[in-house]
Amino acid sequence: MSETRPAGKAFDIPKMLIWNAYQKVKSNRGAAGIDGQSLADFAQDEKNNLYKIWNRMSAGSYFPPPVRAVEIPKAGGKGIRVLGVPTVSDRIAQTAVAMVLEPGVEQVFHPDSYGYRPARSAHDALDACQRRCWEQQWVIDLDIQGFFDNVPHKPILAAVEKHTDLPWVLLYVRRWLTAPMQGVDGILRARDRGTPQGSAISPLLSNLFMHYAFDVWLKRVQPKVRFERYCDDIIVHCSNEAQAKFLRRAIANRLGCFGLHLHPDKTRIVHCLQEGRERREAITEFTFLGYTFRPRAARSRDGRLWVGFLPAVSKAAMKSMARTIRGWRLGRRTDLSFKEVAAMVNRVVAGWINYYGRFYRSVLIAFLANRLNPHLVKWACRKFKHLHRASAKARRRIAQIATDYPGIFVHWRHGALPAGSTTGAV
């Protein structure tokens with residue numbers, strides 16, 4: 001991989017691009033694809049494997065292998081989501097193309113598009129959504145049925161062609177869109193629609209499609225309407241209920257032009273009810289990016305209690321966290337020391353607090369105190385013989401440890417302390 005440019009090839013693809021894409025794939029990690037090759041396996045013959053990718057892509061003879069389908073439960077345990085897992089080599093090739101496309105499309109993407117974009121995050125989208133719910137009383141909570149399975153290929157290819165003059169980029173995007181998927185039953189299925197979740201190029205292609213199908217269109221027909229879009233998750237803000245109903249129909253018609261449909265039950269018009277707003281016969285909550293927005297008690301800057309329309313961790317997210325906590329089976333991990341249990345738990349819980357603790361943290365902290373701490377008590381009962389079957393004594397022991405060492409568990413540091421402990425949040 002020492003040379004920087006190909007010689008005598010159909011396409012002029014820098015070798016350094018493949019190398020940089022490989023570094024990015026390594027940092028993101030990920031599972032093996034249909035060939036079973038892991039990143040560690042790939043690294044065993046790194047130089048030759050990278051050369052093969054570059055050589056085939058430069059020659060125009062790179063054909064992506066089938067994508068491996070993996071089923072995962074949706075948030076809240078309602079249904080199954082199918083992810084497409086490419087091979088390591090294919091992830092590198094896809095990442096290389098994404099790295100070529102991204103700088104150009106980033107300059108035209110709408111400021112209210114937040115998903116899978118550099119220097120933008122879900123928290124940015126949530127913050128904008130919260131502010132706008134205070135300013136306008138109505139929102140449309142949009143849900144596109146099976147978006148990643150049904151997004152049409154033709155407008156994606158047209159959008160890619162609009163933003164690059166490199167024929168090899170368009171060639172490989174076309175091949176990735178139509179690469180077959182191997183189902184969990186082992187059967188290969190051809191694809192004429194959709195872009196699998198889980199692939200390196202899919203987020204960028206999905207954003208490109210939605211940019212022209214939704215963002216640009218809405219700005220043209222309703223320039224004053226504001227929204228937050230995180231890939232296919234969209235909240236649209238409206239001044240009144242009549243406008244919300246009109247826009248819902250208009251958006252449904254627009255997406256219908258591309259063969260996409262709004263979910264009839266999950267797409268809802270919501271009244272952002274808070275103090276000072278007249279109650280209406282309408283839904284008064286919605287969930288966006290793992291947070292549920294609804295009327296909640298809050299304290300103003302002058303100390304007065306009031307009711308605001310505010311986000312906090314959703315019930316579906318808490319159910320998912322509860323499943324993870326139960327899956328640790330802490331009561332059976334008597335092989336671990338107290339510090340080892342803390343190290344295992346903290347790796348995950350720190351991520352929960354960083355994400356779900358950004359807004360109205362008290363709901364998350366109460367959940368962790370009520371769900372995680374009892375599992376620590378169960379662990380102590382089984383770990384220490386003198387606490388065996390003495391749960392009250394174990395609870396007192398855990399409370400005393402929290403008093404003496406409040407920083408050992410990350411959720412204790414944020415106030416999710418066991419009952420009976422006397423130390424405040426650090």
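Residues numbered from 1 in each chain as written. Predicted model: local features only at pLDDT ≥ 70, side-chain atom pairs only at ≥ 80, totals over all residues. Heavy atoms only, no water.

Caption draft 1: Representation of the packing of helix α1 (residues 15-28) against helix α3 (residues 46-59) within the structure. Packing of α1 against α3 leaves a shortest axis separation of 10 Å and a crossing angle of 125°. In terms of orientation, α1 and α3 fall into the oblique class. For α1 against α3, the interelement crossing comes out right-handed. Contact with α1, carried on its side by K15, I18, W19, Y22 and K26, involves E46, L50, Y51, I53, W54 and M57 of α3 and no other residues of that element. Among the residues forming the contact of α1 with α3, the class breakdown is eight nonpolar, no polar and three charged. (Axes fitted to C-alpha atoms, helices over the stretch in contact; angles between N-to-C directions. Helix = DSSP H or I, 4+ residues; strand = E, 2+ residues; numbered from the N terminus. Parallel < 35°, antiparallel > 145°, perpendicular 65-115°, else oblique. Left-handed = near helix turned anticlockwise from the far one by under 90°. Contact = heavy atoms within 4.5 Å. Nonpolar A, V, L, I, M, F, W, Y, C, P; charged D, E, K, R; others polar.)

Caption draft 2: View of the pattern of salt bridges. Considering all chains together, one arrives at 10 salt bridges under this definition. For R226, the salt bridge identified is with E135, shortest N-O distance 2.8 Å. Here R226, found in the loop between α9 (202-221) and β6 (227-230), pairs with E135, found in helix α5 (residues 122-135); they are 91 residues apart in sequence, far enough to count as distant. Shared partners join several salt bridges into a network, and the residues in it are D112, R132 and E228. (Salt bridge = Lys/Arg side-chain N within 4 Å of Asp/Glu carboxyl O.)

Caption draft 3: View of the sheet that holds β6. Strand order across the open sheet formed by four strands is β6-β7-β3-β8, with antiparallel pairing between neighbours. Strands at the two margins of the open sheet, each flanked by one partner only, are β6 and β8 (268-271). Averaged over all pairs of adjacent strands, the angle between their axes in this sheet comes to 15°, without regard to strand direction. Where strand β3 (residues 138-142) meets β8, four bridges bridge the pair, whose relative direction is antiparallel. Looking across to β8, one finds that V139 is bridged to V270. Against the sheet, α5 engages β3, β6 and β7 (233-238), with an angle of about 160° to β6. Contacts from α9 reach β3, β6 and β7, with the element oriented near 170° to β6. (Pairing = 2+ DSSP bridges.)

Caption draft 4: Molecular detail of the nonpolar core. One finds M57, I92 and V236 to be the most contacted residues of the largest nonpolar core, which totals 66 residues. With nine residues, the single largest contributor to this core is α9. If we ignore the near neighbours within four places in the chain, the residues touching I92 are I18, A21, Y22, V25, F42, L50 and I53. Counting 56 residues, the second-largest nonpolar core is a separate cluster that includes V139, M321, I325 and W412. (Core = buried A, V, L, I, M, F, W, Y, C linked by side-chain atoms within 4.5 Å. Buried < 20%, exposed > 50% of the residue type's maximum accessible area, 1.4 Å probe, protein only.)

Caption draft 5: Representation of the side chain of T267 in the model. Note on placement: T267 falls in the loop between α10 (241-256) and β8. Overall, the relative accessible area of 1% leaves T267 in the buried class. For T267, the side chain forms a polar contact with the main-chain nitrogen of D143, separated by 3.0 Å. The contact partners of T267, leaving out residues within four places of it in the chain, are I140, D141, L142, D143, R248 and L262. (Polar contact = N/O pair within 3.5 Å; in protein donor to acceptor, adjacent residues only side chain to side chain.)

Caption draft 6: Highlighting the pairing of β7. In terms of burial, β7 is largely enclosed, as five of its six residues are buried. One ladder, built from five bridges, connects β3 with β7; its direction is antiparallel. Paired with D141 across the strands is I235, a residue of β7. Sheet topology places β6 next to β7; four bridges connect them, and they run antiparallel. Within the sheet, the bridge partner assigned to F227 lies in β7 and is V236. Taken together, β6 and the strand that follows it, β7, pair antiparallel across an intervening segment of two residues, in which C231 is found at a positive phi of about 60°.

Caption draft 7: Looking closely at the sheet that holds strand β11 (residues 305-313). Taken together, three strands build an open sheet; the order of strands is β9-β10-β11 and the sheet is antiparallel. The open sheet terminates on both sides in strands that have one partner only, identified here as β9 (286-288) and β11. Shown here is a sheet whose adjacent strand axes are inclined to one another by a mean of 50°, direction ignored. Relative to β11, strand β10 (residues 291-299) is paired through nine bridges, and the arrangement is antiparallel. In the sheet register, R294 faces β11, and the bridge partner there is L310.

Caption draft 8: Up close: helix α13 (residues 361-371). Every buried residue of α13 is accounted for by L364, I365, F367 and L368. Angular distribution of buried residues about the axis of α13 spans 160°; they occupy a single face of the element. If you follow the buried residues of α13, they end up packed against β11, α11 (315-328), α12 (338-356), α14 (373-383) and α16 (410-413). (Arc of directions from axis to C-beta.)

Caption draft 9: Looking closely at unusual backbone geometry. In this model, Y116 sits at a positive phi of 55°, which is unusual for a non-glycine residue. With respect to the element layout, Y116 can be found in the loop between α4 (88-106) and α5. For Y116, a relative accessible area of 47% translates into the label partly exposed. Residue Y360 is not a glycine yet carries a positive backbone phi of 45°. Its location among the elements puts Y360 in the loop between α12 and α13.

Caption draft 10: Structural view of a positive patch on the surface. Taken together, the side chains of R294, K315, K319, R323, R326 and R371 define a basic patch exposed on the protein surface. The biggest single contributor to the positive patch is α11, with four residues. Residue placement: R323 occurs in helix α11. For R323, a relative accessible area of 33% puts it in the partly exposed group. (Patch = residues over 30% accessible without salt bridge, like charges linked within 9 Å, V, L, I, M, F, W, Y side chains within 5 Å. Areas by Shrake-Rupley, 256 points an atom, 1.4 Å probe, with all protein chains shown as cover. Lys, Arg positive; Asp, Glu negative; His and termini not counted. Charge placed at Lys NZ, Arg CZ, Asp CG, Glu CD.)

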